[in-house]
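Listed here are the chains, written in short residue letters.
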Amino acid sequence: MLLAILAVAGVLLTWPSHHGGPSPAVVASPASIRYAENASKVIFGMTPKQVRQLVGKPVKVVGSCWQYPLYVVNGPRGKKFITADRLCFYEGHYSIEHFWLNGHWGDPPTRITLPG
């Protein structure tokens, strides 16, 4: 997977950013590789400390959301997509995910309702 990320990163270096999304100038940084390798292990309800231990420090904080660096995902038929995530916390727990995919922040965000 690491080689695939690095290979695609060499090709997908720049294009115009839309809707205030992250700049796709850097795709294969150590932070993006760590995030891509561990993003699927982040689960709703985790504390900020647990999230940071798993995927590392965010590159940006937007309100109660942590934005992580761009990374490459494999889509259907071998197509590559560049994406970024914002993990948002409510009452000290991870509860909402926003994703940025090919120039647009996804709507609506994925969210859960915490019990209690």
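Above this text is the structure in question.
Note that this is a predicted model, so its numbers are computed, not measured.

Thresholds, definitions, all that
- Residues numbered from 1 in each chain as written.
- Predicted model: local features only at pLDDT ≥ 70, side-chain atom pairs only at ≥ 80, totals over all residues.
- Heavy atoms only, no water.
- Core = buried A, V, L, I, M, F, W, Y, C linked by side-chain atoms within 4.5 Å.
- Buried < 20%, exposed > 50% of the residue type's maximum accessible area, 1.4 Å probe, protein only.
- Contact = heavy atoms within 4.5 Å.
- Axes fitted to C-alpha atoms, helices over the stretch in contact; angles between N-to-C directions.
- Helix = DSSP H or I, 4+ residues; strand = E, 2+ residues; numbered from the N terminus.
- Parallel < 35°, antiparallel > 145°, perpendicular 65-115°, else oblique.
- Nonpolar A, V, L, I, M, F, W, Y, C, P; charged D, E, K, R; others polar.

Draft legend 1. Structural view of the nonpolar core. Formed by 13 residues in total, the largest nonpolar core has its most connected members in Tyr35, Val42, Val51, Val55, Tyr68, Leu87 and Tyr94. Each residue touching Val51, except ones within four places of it in the same chain, is listed here: Val42, Met46, Gly56, Trp66, Tyr68, Leu87, Phe89 and Tyr94. Core analysis: the second largest hydrophobic core is formed by six residues, Leu70, Ile82, Trp100 and Trp105 among them.

Draft legend 2. Local environment of the packing of helix H2 (residues 30–38) against helix H3 (residues 48–55). For the pair H2 and H3, interaxial distance at closest approach is 8 Å and the crossing angle is 110 degrees. The angle between H2 and H3 places the two elements in the roughly perpendicular class. Contacts between H2 and H3 pair Arg34, Tyr35 and Asn38 from the former with Arg52, Gln53, Leu54 and Val55 from the latter. Each residue belonging to the contact of H2 with H3 can be placed in one class, and the counts come to three nonpolar, two polar and two charged.

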